[in-house]
Amino acid sequence: MKKLIVLISVLTLVACGSSRNTASDEKFVVENLQKYSSEELKNRYPNANFREDVGMFEEGTVERAYTILYPDTPNELHITWKDKSRTKIHDIRFDVDGQWKSSEGIAIGTTYDELNKLNGKEISFYGFGWDYSGAVMWNEGKLEDSGLRVFLAPQNDPGNKFYGDRLIEASPEEIEALDLRVETIMLIN
């Protein structure tokens, strides 16, 4: 009987601990922000030290209102808005290795191999050294319709072969040598 009580106690403690972690983790899942206006975000993230302004985006062709949560910290996150009153999110992006992640678990530093596993199909990527450097193509995989745009960066010198605005063709050995990791994550709403 004592063993049964101890077992139930241990299971209860584990279950309580894991639910606390899950609730805390949910706060930093980018998809969970999509439905909020700027005012709702300020209520939900009161300590985020919001910065708001208007700037040029999409290669300087579109003016949009934007908000930065947690500026100058590992949890810095940028939101651009569809409207100047900041009621509908256009996109969310982050490129600092903090707590933010996608609902699929993609975070800054996620590897090329991990992306392939999450996607269920091999991804393709664009060359480096331009505005959309390392942009990932999901190739009709599980993440195709997720709204996620992910950008890879090589951890090792890519050499000239891997630069430019084009899909990269590389052998598995070349890709492994690049040690590709997620550098930027964007969620298009």
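Fair warning: this is a prediction, and the values are worked out from it, not measured in the lab.

1. Side note on the overall build of the protein
Point 1. Looking only at helices and strands, one finds 4 helices and 8 strands in the protein.
Point 2. Secondary structure elements of the protein, listed N to C terminal, follow the sequence α-α-β-β-β-β-α-β-β-β-α-β.
Point 3. Of the contacts made within the protein by residues no fewer than 6 positions apart, 50% connect residues no fewer than 24 positions apart.
Point 4. Carbon and sulfur atoms form 50% of the exposed surface of the protein, whose accessible area is close to 11,100 Å².

2. Points about the confidence of the model for the protein
Point 1. Across the protein, the average pLDDT comes to 89, with 87% of residues at or above 70.
Point 2. Counting interchain partners and residues more than four positions distant, the pLDDT-below-50 stretch residues 3-21 has 0 contacts.

3. Structural notes on unusual backbone geometry
Point 1. Backbone geometry at Glu140 places phi at a positive 65°, although glycine is not the residue there.
Point 2. With respect to the helices, strands and loops of the structure, Glu140 is situated in the loop between strand S6 (136-137) and strand S7 (148-154).

4. Overview of the pattern of salt bridges
Point 1. All told, the structure shown has 9 salt bridges when counted by the stated rule.
Point 2. Glu52 is the partner of Lys42 in a salt bridge, and the nearest nitrogen-oxygen pair spans 3.1 Å. Of the two residues, Lys42 is situated in helix H2 (residues 38-44) and Glu52 in strand S1 (residues 51-57); the sequence distance between them amounts to 10 residues.
Point 3. Of the charged contacts, one joins Glu58 and Arg64 as a salt bridge, the two residues approaching to 2.9 Å between their closest N and O atoms.
Point 4. Each of Glu39, Lys42, Glu52 and Arg86 takes part in salt bridges that share partners, so that together they form one network.

5. A look at the side chain of Glu76
Point 1. Position of Glu76 among the secondary structure elements: in the loop between strand S2 (62-69) and strand S3 (77-81).
Point 2. One buried charge, Glu76, has no salt-bridge partner; the nearest side chain with opposite charge is Arg51, at 6.0 Å.
Point 3. In this structure the side chain of Glu76 is engaged in a polar contact, spanning 2.6 Å, whose partner is the backbone nitrogen of Asp72.
Point 4. Here the side chain of Glu76 touches His78 through a polar contact of 2.8 Å, side chain to side chain.
Point 5. Residue contacts for Glu76: discarding those within four places in its chain leaves Ile68, Leu69, Tyr70, Pro71, Phe94 and Trp100.

6. Side note on helix H3 (residues 112-119)
Point 1. Buried residues of H3: Tyr112, Leu115, Asn116 and Asn119, and no others. Looking straight down H3, one finds that the buried residues subtend no more than 100° of arc, so they occupy a single side. For H3, the exposed residues lying more than 90 degrees away from the buried face are Asp113 and Lys117.
Point 2. Residues of H3 that are buried in the fold lie against strand S5 (124-125), S6, S7, helix H4 (172-178) and strand S8 (180-188).
Point 3. Phi turns positive, to about 75°, at Gly120, one or two residues after H3.

7. Quick notes on the packing of aromatic side chains
Point 1. Summed over the entire model, instances satisfying the criterion amount to 8 aromatic pairs.
Point 2. Pairing Phe28 with Tyr70 gives two aromatic rings, centres 6.1 Å apart and planes at 40°, and the pair type is tilted. In this pair, Phe28 is assigned in the loop between helix H1 (2-26) and H2 and Tyr70 in the loop between S2 and S3, connecting sequence segments 42 residues apart.
Point 3. For Tyr70, a relative accessible area of 13% puts it in the buried group.
Point 4. Between Tyr112 and Phe125, the aromatic rings sit 6.1 Å apart at their centres with planes inclined by 80°, giving edge-to-face as the arrangement.

8. Brief notes about the sheet that holds S2
Point 1. The sheet built from 6 strands is open, its strands ordered S1-S2-S3-S4-S8-S7 with antiparallel pairing. Only two strands of the sheet have a single neighbouring strand rather than two, namely S1 and S7. Neighbour to neighbour, the strand axes of the sheet diverge by 25° on average, direction disregarded.
Point 2. Taken together, the 4 bridges between S2 and S3 define a ladder with antiparallel strand orientation. Bridge assignment links Tyr66 to a residue of S3, and that residue is Thr80.

Rules behind the numbers
- Residues numbered from 1 in each chain as written.
- Predicted model: local features only at pLDDT ≥ 70, side-chain atom pairs only at ≥ 80, totals over all residues.
- Heavy atoms only, no water.
- Helix = DSSP H or I, 4+ residues; strand = E, 2+ residues; numbered from the N terminus.
- Contact = heavy atoms within 4.5 Å.
- Areas by Shrake-Rupley, 256 points an atom, 1.4 Å probe, with all protein chains shown as cover.
- pLDDT = per-residue confidence, 0-100.
- Salt bridge = Lys/Arg side-chain N within 4 Å of Asp/Glu carboxyl O.
- Buried < 20%, exposed > 50% of the residue type's maximum accessible area, 1.4 Å probe, protein only.
- Lys, Arg positive; Asp, Glu negative; His and termini not counted.
- Polar contact = N/O pair within 3.5 Å; in protein donor to acceptor, adjacent residues only side chain to side chain.
- Arc of directions from axis to C-beta.
- Phe/Tyr/Trp six-rings, centres within 6.5 Å; stacked < 30°, edge-to-face > 60°.
- Pairing = 2+ DSSP bridges.
- Axes fitted to C-alpha atoms, helices over the stretch in contact; angles between N-to-C directions.

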